[in-house]
Amino acid sequence: MKQIQQYLTEVVYGSIDGSISTFAVVAGAAGANLNSSIVIILGVANLIADGFSMSIGSYLSSKSEKLQYEKFKQQEYWEIENLRESEVQEVRDIFQEKGFKGTLLESVVSKITENRDEWVDIMMKHELNMIKEQRNSVAIGLATFISFLIAGAVPLLIYIYDFFLPGQVNLFFYSSLLTGVSFIAIGLLKGIVTQSNKLRRIVETLSLGTIAATLAYFTGELLDQWIG
């Protein structure tokens, strides 16, 4: 459970992107009066392509962050070896700003600078404001991809159902309803993850989805009139 919680941020943003982008495809297709099979084809293609693209972006971003961290870490080791006095002064300045003075300050500086690894960790955190990414980059990409697929599939569910069991229902209405429920759940989860106002996050997610869908719907309608 704890391992899953580490990737909730990717789950939230993967879900938001998946829901909004797929619902925009559905809305555009509805505006153009396309049939269920075409909506499914466009929606699934969007799910796979955009979901993969987003997951690769998350993976590469995580890898890049780790490489950058290691690069600066090695730089700090070099500076400790070759510019020791200035690095000692930097440690002194850091803890002086935190309120340490006199003998206590010098004791802290002496203690830290006697251990190179601890010294470098202090410089990474307090001078460069960098914290090592402990999470697995592949897991970050997978969490993004899977959440994108699951949340992004919601707007298509009624169309898939209608494809196998055709009926006289307003497909776009029910797709909008299901997606709205999904947006509410995602907004609530976002509020929990970011520890912010849950109602505000729900309204924010619903608003973004509605704007994207509205733009896509009328774009599809206009293109259908001009081209069709």
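See the structure above.
So, here's what we can say about the structure. (Residues numbered from 1 in each chain as written. Predicted model: local features only at pLDDT ≥ 70, side-chain atom pairs only at ≥ 80, totals over all residues. Heavy atoms only, no water.)

Counting its secondary structure elements, the chain contains 10 helices and zero strands. Taking 17 Å as the expected radius of gyration for a compact globule of 228 residues, we find that the chain reaches 25 Å, considerably beyond that expectation. Projected onto its principal axes, the C-alpha positions of the chain cover 80 × 35 × 30 Å. Of the contacts made within the chain by residues no fewer than 6 positions apart, 77% connect residues no fewer than 24 positions apart. Here the chain displays about 13600 Å² of accessible surface, and carbon together with sulfur accounts for 62% of that area. (Helix = DSSP H or I, 4+ residues; strand = E, 2+ residues; numbered from the N terminus. Rg over C-alpha atoms; globule rule 2.2 N^0.38 Å. Contact = heavy atoms within 4.5 Å. Areas by Shrake-Rupley, 256 points an atom, 1.4 Å probe, with all protein chains shown as cover.)

With that out of the way, let us pick up the nonpolar core. Soluble globular proteins tend to pack their nonpolar side chains together in the buried interior. Core analysis: the largest hydrophobic core is formed by 17 residues, its most contacted members being Val91, Phe95, Ile112 and Trp119. Listed by contribution, the elements that provide at least two residues to this core are helix H3 (36-82), helix H4 (84-97), helix H5 (102-113) and helix H6 (116-127). Residue contributions to this core peak at five residues, all from H6. If sequence neighbours within four positions are ignored, Trp119 has contacts with Ile80, Arg84, Glu87, Val88, Val91, Ile112 and Thr113. (Core = buried A, V, L, I, M, F, W, Y, C linked by side-chain atoms within 4.5 Å. Buried < 20%, exposed > 50% of the residue type's maximum accessible area, 1.4 Å probe, protein only.)

Inspection of the entire model under this criterion finds eight salt bridges. Measuring nitrogen to oxygen at the nearest pair gives 3.0 Å for the salt bridge that ties Glu106 to Arg92. With a gap of 14 residues between them, Glu106 in helix H5 and Arg92 in helix H4 connect regions that are remote in the sequence. The partly exposed category is assigned to Glu106, whose relative accessible area is 36%. The salt bridge involving Glu204 is made with Lys190; its shortest N-O contact spans 2.7 Å. Of the two residues, Glu204 is situated in helix H10 (residues 198-227) and Lys190 in helix H9 (residues 171-194); the sequence distance between them amounts to 14 residues. According to the relative accessible area criterion, Lys190 is buried, its value standing at 11%. (Salt bridge = Lys/Arg side-chain N within 4 Å of Asp/Glu carboxyl O.)

This brings us to helix H7 (residues 137-153). The α-helix advances 3.6 residues per turn, and as a result positions three or four apart in sequence lie on the same side. With 17 residues, H7 should cover 24 Å at 1.5 Å per step; its first-to-last C-alpha distance of 24 Å lies within 8% of that length. Those residues of H7 not exposed but buried are Ser137, Ile140, Gly141, Ala143, Thr144, Ser147, Phe148, Ala151 and Gly152. What you see down the axis of H7 is that its buried residues fit within an arc of 160°, all on one side. Lining the buried residues of H7 we find helix H2 (8-31), H3 and H9. Its side-chain oxygen placed 2.8 Å from the backbone nitrogen of Val138, Asn136 serves as the N-cap of H7. (Expected span 1.5 Å × (residues − 1). Arc of directions from axis to C-beta. Polar contact = N/O pair within 3.5 Å; in protein donor to acceptor, adjacent residues only side chain to side chain.)

We now examine the packing of aromatic side chains. Taken as a whole and judged by the stated rule, the model has seven aromatic pairs. Summarising the aromatic geometry, the rings of Phe23 and Phe183 are spaced 6.3 Å apart at their centres and angled 75° between planes, so their arrangement reads as edge-to-face. Here Phe23 is found in helix H2, whereas its partner Phe183 is found in helix H9, with 160 residues between them in sequence. Neither residue differs from the other here; Phe23 and Phe183 are each classed as buried. Pairing Phe173 with Tyr174 gives two aromatic rings, centres 5.3 Å apart and planes at 80°, and the pair type is edge-to-face. On the basis of relative accessible area, Tyr174 is assigned to the partly exposed category, the value being 37%. Here a set of aromatic residues connected by ring pairs shows up, and it is made of Phe23, Phe172, Phe183, Tyr217 and Phe218. (Phe/Tyr/Trp six-rings, centres within 6.5 Å; stacked < 30°, edge-to-face > 60°.)

Under the 1.5 Å per step criterion, the end-to-end length of H2 is 34 Å for 24 residues, consistent within 8% with the ideal 34 Å. Most of H2 is tucked away, with 18 of its 24 residues classed as buried. Positive backbone phi, approximately 60°, marks Asn33, located one or two places after H2.

So, on to the packing of H2 against H10. Between H2 and H10, whose axes approach to 7 Å, the crossing angle comes to 30°. Here H2 is positioned roughly parallel relative to H10, judged by the angle of their axes. Considering the relative orientation of H2 and H10, their crossing is right-handed. On H10, the residues that touch Ile20, Phe23, Ala24, Ala27, Gly28, Ala30 and Gly31 of H2 are Leu208, Gly209, Ala212, Ala213, Ala216, Tyr217, Gly220, Glu221 and Asp224. When its residues are assigned to classes, the contact of H2 with H10 shows 10 nonpolar, four polar and two charged. (Axes fitted to C-alpha atoms, helices over the stretch in contact; angles between N-to-C directions. Parallel < 35°, antiparallel > 145°, perpendicular 65-115°, else oblique. Left-handed = near helix turned anticlockwise from the far one by under 90°. Nonpolar A, V, L, I, M, F, W, Y, C, P; charged D, E, K, R; others polar.)

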